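Chain by chain, the residues:
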Amino acid sequence: MNIHTQLAALPAPTTPVVATIGNFDGVHLGHQSVIAEVIDRARFLGGQSLAITFDPHPARVLRPEQPLALITPLARKLELLAATGIDATLILPFTDALRHMTAREFASSILVDTLHVTEVHEGENFNFGYRPPDSPATENSVASLEALGQELGFSVTIYAPRSLRGSPVSSSRIRKLIAEGDVRHARALLGRSFSIDSTPAPGRGYGAKYAVPTINLAPYPELMPAHGVYITTLTIGSGPAGETFEAVTNVGNRPTFGADSFAVESHLLKFHPLEGDQALTEQTPLRLTFLTRLRAERPFPTTQALRNQIARDVAHARRYFTLCRALGPPV
């Protein structure tokens, strides 16, 4: 996938451009279905498929008083977009100038004059462009985009919101599920398990705590599941050298140890020491993938009581992974 970060540096297209515009936070099943149509249409037309997204997320600029934790930070979002097979992604910096660009200006200046789009594919809840306070609510809706397309020379295909088992497939719904700790239902809407990318906590590394090797993750600024204990996998390293371990992970304040002790601590199963290029350092990439929630976080009267509960959590996780190996990965 080609990644473009500057409109001025874009080469003039020589074949039809089929595009979709969005934040694509999570790159969930709804996003994936629209992108698949964009790719199919581009292939049919002998052209190129293009995703147009924004950085930072517009909500962080428009509503800074309401912090938005992302399902997929930019690097992870680009990785997932590339996995769809789309030809290119354009990252538009969400600057003050772009923020105040009207729908007509966006369509004329960016979609037509710069990108020369042939088709645009969007969900029916799509909104774009600046809308002055006294203007009609439909001015920046997908209906407005369709009208602008008819006027400016590109077609617009509109998709009804996707639902799964009666639940809407949307980034906001997925954020809510993850924030509640319901990573199993979030997986159904994402089409994959929720994961975060981090590195080992400085100075913590890994060690044998409570008879189970552990790795603590460095502070992570984006969306985290609710405090609790989860069955997870932890991938240490990236690319061919990366190795994935089954794990049990505690997310929370570790109340047994007192206040101000928040940590994301993974207890690794079937762990073996890492050597050479795989040796763990504070810069080693880690990907923690959440499979299901075991229990809420709670304090224990003694360290021994905590050790006993960890043993029960590990036993539960071992049974879970044994079933996964026998029946297939979780869905």
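Because the structure is predicted, anything quoted here is derived from the model rather than measured.

## Side note on the overall build of the protein chain
Helix and strand counts for the protein chain stand at 9 helices and 15 strands. Expressed along its principal axes, the backbone C-alpha trace of the protein chain runs to roughly 70 × 45 × 40 Å. Evaluated residue by residue, the protein chain yields a buried proportion of 47% over its 331 residues. Of the contacts formed within the protein chain by residues at least 6 apart in sequence, a portion of 72% connects residues at least 24 apart.

## A look at the pairing of strand β4 (residues 88–93)
Regular strands show a simple pattern: their side chains alternate between the two faces of the sheet. Within β4, 5 of the 6 residues are buried, which leaves the element mostly enclosed by the surrounding structure. Pairing of strand β1 (residues 2–4) with β4, which is carried by 3 bridges, proceeds in the parallel orientation. When the sheet's bridge partners are listed, N2 is paired in β4 with A88. Looking at chain direction, strand β3 (residues 48–55) and β4 are connected through 6 bridges and run parallel. Pairing of T53 across the sheet is with I91, part of β4.

## Quick notes on the packing of aromatic side chains
Scanning the entire structure with this criterion turns up 6 aromatic pairs. Where F54 meets F94, the ring centres are 6.1 Å apart and the plane angle is 85°; that geometry is what we call edge-to-face. On the criterion of sequence distance, the pair formed by F54 in strand β3 and F94 in the loop between β4 and α4 (96–99) is long-range, its members being 40 residues apart. Among the residues examined, F54 registers a relative accessible area of 13% and is labelled buried. Assessed through its relative accessible area of 13%, F94 is described here as buried. Considering the side-chain rings of Y320 and F321, the 5.6 Å spacing of their centres and the 90° angle between planes classify their relative orientation as edge-to-face. Assessed through its relative accessible area of 16%, Y320 is described here as buried. Each residue in the set F106, F126 and F128 is aromatic and connected to the rest through ring pairs, giving one cluster.

## Focus: the pattern of salt bridges
Taken as a whole and judged by the stated rule, the model has 10 salt bridges. Ionic pairing is found between E151 and R104, a salt bridge with its closest N-O pair at 2.8 Å. One end of the pair, E151, is in helix α6 (residues 142–152); the other, R104, is in helix α5 (residues 103–114), with 47 residues separating them in the sequence. Note on R104: relative accessible area 43%, which makes it partly exposed. Put simply, K176 and E180 hold a salt bridge, and the shortest N to O gap is 2.6 Å.

## Some details on the side chain of S49
Along the polypeptide, S49 turns up in strand β3. Setting aside residues up to four positions removed in sequence, S49 forms contacts with V18, V38, I39, A42, I86, D87 and A88.

## Section: helix α1 (residues 29–45)
Each α-helix winds once per 3.6 residues, and so residues spaced three or four apart point in a common direction. Taking 1.5 Å per residue as the helical rise, α1 with its 17 residues ought to reach 24 Å, and the 24 Å between its terminal C-alpha atoms agrees with that figure. Where α1 is concerned, the buried positions are L29, G30, H31, V34, I35, V38, I39 and A42. G46 sits one or two positions beyond α1 and adopts a positive phi of about 70°.

## Side note on the sheet that holds β3
With parallel pairing, 6 strands are arranged side by side in an open sheet as β1-β4-β3-β2-β5-β6. Two strands close off the open sheet at either side, each with one partner strand: β1 and β6 (155–159). Between one strand and the next, the sheet's axes are offset by a mean angle of 25°, whatever the strand orientation. Examined bridge by bridge, strand β2 (residues 17–21) and β3 share 5 bridges and lie parallel to one another. Within the sheet, the bridge partner assigned to T20 lies in β3 and is A51. Its contacts with the sheet place α1 against β2, β3, β5 (117–123) and β6, and it is angled at close to 170° to β2. Of the strands in this sheet, β1, β3 and β4 touch helix α3 (residues 74–84), which is tilted by about 155° from β4.

## Focus on the packing of helix α7 (residues 171–179) against helix α8 (residues 183–190)
Between α7 and α8, whose axes approach to 8 Å, the crossing angle comes to 155°. The angle between α7 and α8 places the two elements in the roughly antiparallel class. Crossing geometry of α7 relative to α8 is assigned as left-handed. Between α7 and α8, the contacting residues are R173, I174, L177 and I178 on the first element and H185, A186, L189 and L190 on the second. Considered class by class, the residues forming the contact of α7 with α8 number 6 nonpolar, 1 polar and 1 charged.

Rules of the game
Residues numbered from 1 in each chain as written. Predicted model: local features only at pLDDT ≥ 70, side-chain atom pairs only at ≥ 80, totals over all residues. Heavy atoms only, no water. Helix = DSSP H or I, 4+ residues; strand = E, 2+ residues; numbered from the N terminus. Buried < 20%, exposed > 50% of the residue type's maximum accessible area, 1.4 Å probe, protein only. Contact = heavy atoms within 4.5 Å. Pairing = 2+ DSSP bridges. Phe/Tyr/Trp six-rings, centres within 6.5 Å; stacked < 30°, edge-to-face > 60°. Salt bridge = Lys/Arg side-chain N within 4 Å of Asp/Glu carboxyl O. Expected span 1.5 Å × (residues − 1). Axes fitted to C-alpha atoms, helices over the stretch in contact; angles between N-to-C directions. Parallel < 35°, antiparallel > 145°, perpendicular 65-115°, else oblique. Left-handed = near helix turned anticlockwise from the far one by under 90°. Nonpolar A, V, L, I, M, F, W, Y, C, P; charged D, E, K, R; others polar.

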